[in-house]
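# Structural overview for review
The residues making up each chain are set out below.
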Amino acid sequence: MHRREAQWEGVLLAAVVVVLCGVVGYLVARHVALRRELGAREVPYIWKAEELAELARKENPGVKVVLTGEKGEWQKKGGPAVDLVFDLSLSEGYEGVSWVAGDGEGNLFLLEREACMIHRCTPEGKHLRTFGAKGGGPGELMMPLYMVLDREGNLCVLDAGNSKVAVFAPDGRFLKEVRLEFRGVPGGFAVDSTGTFYVSWYDARSECVIHKYSTSGDLLHSFGQPVRFRSPVAYPEITMKEQISAGPLLVAGDRLYYSQFNPYEIRQYTLDGELKMCVFRKNRFLRPARARRIGGDRYIVKPPPSSLFIGLWGDKIINQAGALPNPVIDIFDLQGQLLCSYSQPVNFMACHSLGGGVLYGGTLSEGAVAPSRVRLVLKERKKGIGQ
C-alpha cells in the first residue's frame, strides 16, 4: 500500500514538474517575444560606408567618390596628430547659450535660444552689449537656431519660430529680415558672398535636403538626396527619415559642403547644386538609428549620434560627429582623404570657424553650456594623442 502511494506521489510530482516546466517555458518564450516586439530595432536605411560608396559610384558617374577607412593617412604614415587648445571658456553668466559665432577680430556672439537674445563679447570674453528679444516683430526672434556672418560682417540669424533670417549689424543694430519658406527644424544654415541663403531640411515633396534662397527669400533651387531606405517607408521610419536627412552646411568660396546627420557622409556641391564629390568614412561612432515600439502602433524614435559641424582649416576640411562627451573631430584634405582625427573626451561641440584653425562652440559642464574658443594645433604624434 505504501509502495503504491509512493509510486503515485512520484507520478504526481513528475507531472507537476512537467507542467511547471511548460509554464516556465511559455513565460520565457512570451517574454522573449514581447521583448522582440517592444524592443529596439534598427531602422532599415542604408548605413554602411562601403555600400553607400558603391551606390554613389553607380548613380553619379563623373562624381568623385571617396571611401576612407577608420585611420587617417597621417596616422598610418606616422604624421602629425591634431590637438585642441582652449583659448577661452566663459563658465559663468551664459548658461543658456546654445550657439556661438565669432568675427574676424575675435569678438564672440552668444545666442540664448530660450531667451531669444544675443550677447556680443570681446575676444577676452568681456560683455559689450545684448540685443534681440522674443516675439514676431522686426528684430525679434521666436526659435533662433544658427548664426553665421555674411561678407560684410553682419550677423545672420536663422529663426525657425518665425521662418525668417534676421540680420543684425556687428553692433547689434537690426538691419532687415528675410522670410523663408521651410518646414520642420532645419539642420544647417549658410550664406554665400552674394547674400544667398542655404538651409538644410528634409522636404518630402521634392525629396531634397538642401534649399537655396535669394536675398529676398524666394526659393531658387532644391537639391541633395536624403537618407536612403531599402524599401518604401512608413511610420515610424518616415519620422526618422525626417530627423536624420539634414545636416550642417558650409560655404567655402564657390563650393557648398554638406555633412549628413547620419550615416556619415560629406558632399561637395557647386553653389548651383551640382554634386562634385561624396566622402564616406568607415566608423563605429555614428551607429544606425533605432526605433522602440511601446505598444500598438506607438513608437519611440531615438535620434542617433550625428554630424555636428563642418568647417575649414586652411586647405583642410573639419568635420565633427558623434555624441558628447567625446565627439570625433576628423580632418580631411580637399580631395576627401581622411588625414587624422581627434577623439579625446572634452565635451566640446563646434559651432563656427573662420578657417584659421580657431573654433567657436560650447563646452558642456554640469548640465550647462560654457561658450568656448579653441585652437586646432598639429603636434608630433604620440601614443594617446589623436587617432
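Each remark here, short or long, concerns the structure printed above.
The following refers to the structure shown. This is a predicted model, so every value here is computed, not measured.

Moving on, we come to the pattern of salt bridges. Within the structure shown, the criterion is met by 21 salt bridges. One salt bridge connects Glu 50 with Lys 282, and the closest N-O pair in it is separated by 3.7 Å. On the criterion of sequence distance, the pair formed by Glu 50 in helix α2 (residues 49-59) and Lys 282 in the loop between β21 (275-281) and β22 (290-295) is long-range, its members being 232 residues apart. You can call Glu 50 partly exposed: its relative accessible area is 40%. Residues Lys 164 and Glu 177 are paired through a salt bridge, measuring 2.8 Å at the closest nitrogen-oxygen approach. Here Lys 164, found in strand β12 (residues 164-168), pairs with Glu 177, found in strand β13 (residues 174-179); they are 13 residues apart in sequence, far enough to count as distant.

Moving on, we get to α2. Inspection of α2 places Ala 49, Leu 52, Ala 53 and Ala 56 among the buried residues, and these make up the whole buried set. Viewed along the axis of α2, the buried residues span an arc of 100°, placing them on a single side of the element.

If you check which residues of helix α4 (residues 237-244) are buried, you get Glu 237, Met 240, Lys 241 and Ile 244. Buried residues along α4 cover an arc of 105° about the axis, so they all sit on one side.

For the rest of this paragraph, the subject is the nonpolar core. Core analysis: the biggest nonpolar cluster contains 32 residues, and Ile 118, Met 147, Leu 180, Phe 189 and Phe 197 have the highest contact counts within it. For this core, the secondary structure elements donating two or more residues are β4 (97-102), β5 (108-112), β10 (144-149), β11 (155-159), β12, β14 (188-191) and β15 (197-203). Here this core gets 5 residues from one element, more than from any other, and that element is β10. Those residues in contact with Ile 118 that sit more than four places away from it in its chain are Phe 109, Leu 110, Leu 111, Arg 129, Thr 130, Phe 131, Leu 141, Met 147, Leu 155, Val 157 and Phe 168. Grouped together as the second largest cluster of nonpolar side chains are 22 residues, Tyr 202, Phe 223, Leu 256 and Cys 278 included.

Taken in spatial order, the 4 strands make up an open sheet running β4-β5-β6-β7, and their pairing is antiparallel. At either end of the open sheet lies a strand with only one pairing partner, and these are β4 and β7 (127-131). Each adjacent strand pair in this sheet contributes to an overall mean axis angle of 20°, direction not counted. Examined bridge by bridge, β4 and β5 share 5 bridges and lie antiparallel to one another.

All right, on to a nonpolar patch on the surface then. Taken together, the side chains of Met 142, Met 143 and Val 185 define a hydrophobic patch exposed on the protein surface, amounting to about 260 Å² of accessible area. Along the polypeptide, Met 143 turns up in the loop between β9 (140-141) and β10. Owing to a relative accessible area of 33%, Met 143 belongs among the partly exposed residues under this scheme.

Here we come to the environment of Asp 333. Examined against the element boundaries, Asp 333 turns out to sit in strand β26 (residues 328-333). Residues contacting Asp 333, with those up to four places away along its chain left out, are Asp 315, Ile 317 and Leu 339. From its side chain, Asp 333 meets the backbone nitrogen of Gln 337 in a polar contact 2.9 Å long.

Moving on, we come to the pairing of strand β6 (residues 117-121). Taken across its 5 residues, β6 has 4 buried, putting it largely inside the fold. Relative to β6, β5 runs antiparallel, the two sharing 5 bridges. Bridge pairing links Glu 112 to Met 117 in β6. One ladder, built from 4 bridges, connects β6 with β7; its direction is antiparallel. Counterpart to Ile 118 in the pairing with β7 is Phe 131. The hairpin turn running from β6 into β7, its antiparallel successor, is 5 residues long, and Gly 125 in that turn takes a positive phi close to 95°.

Let us now look at unusual backbone geometry. Each neighbour pair has its own omega, and for Asn 262 with Pro 263 the value is 0°, a cis peptide bond. Within the element layout of this structure, Pro 263 appears in the loop between β19 (255-259) and β20 (265-270). Even without a glycine there, the phi angle at Cys 116 is positive, about 60°. On the secondary structure map, Cys 116 appears in the loop between β5 and β6.

Thresholds, definitions, all that
Sequence order as written defines residue numbering, which begins from 1 separately in each chain. Note on the predicted model: pLDDT of at least 70 is required for a residue's local features to be given, and 80 or more for side-chain atom pairs to be given and counted; whole-chain, interface and lining totals, by contrast, use all residues. Calculated side-chain values reflect all of the structure's heavy atoms, with hydrogen atoms and water omitted. Take a side-chain nitrogen of Lys or Arg and a carboxyl oxygen of Asp or Glu: if they are within 4 Å of each other, that pair is a salt bridge. Only DSSP runs of H or I covering at least 4 residues are called helices, and only runs of E covering at least 2 are called strands; the numbering of each starts at the N terminus. With a 1.4 Å probe rolled over the protein chains alone, any residue whose accessible area is under 20% of its type maximum counts as buried; one over 50% counts as exposed, and the rest are partly exposed. Think of the arc as the fan of directions from the helix axis to the C-beta atoms. Buried residues of nine kinds, namely Ala, Val, Leu, Ile, Met, Phe, Trp, Tyr and Cys, make up a nonpolar core once their side-chain atoms join them within 4.5 Å. Contacts were defined at the residue level, with two residues in contact if any of their heavy atoms lie within 4.5 Å. Two strands are counted as paired when DSSP detects at least two bridges linking them. Between N-to-C directions, angles cover 0 to 180 degrees, with each direction set by a line fitted to C-alpha atoms, over the stretch in contact for helices. Without a salt bridge and with relative accessible area above 30%, a residue can belong to a patch; like charges are then joined within 9 Å and nonpolar side chains (Val, Leu, Ile, Met, Phe, Trp, Tyr) within 5 Å. Only the protein chains shown count as cover for residues, with accessible areas throughout obtained via the Shrake-Rupley method and a probe of 1.4 Å. Polar contacts, as counted here, are pairs of nitrogen or oxygen atoms within 3.5 Å of one another; within protein the pair requires one atom able to donate a hydrogen and one able to accept it, and residues that are adjacent in sequence qualify only if both atoms are side-chain atoms.

These results come straight from atomic positions and should not be treated as a statement about function.
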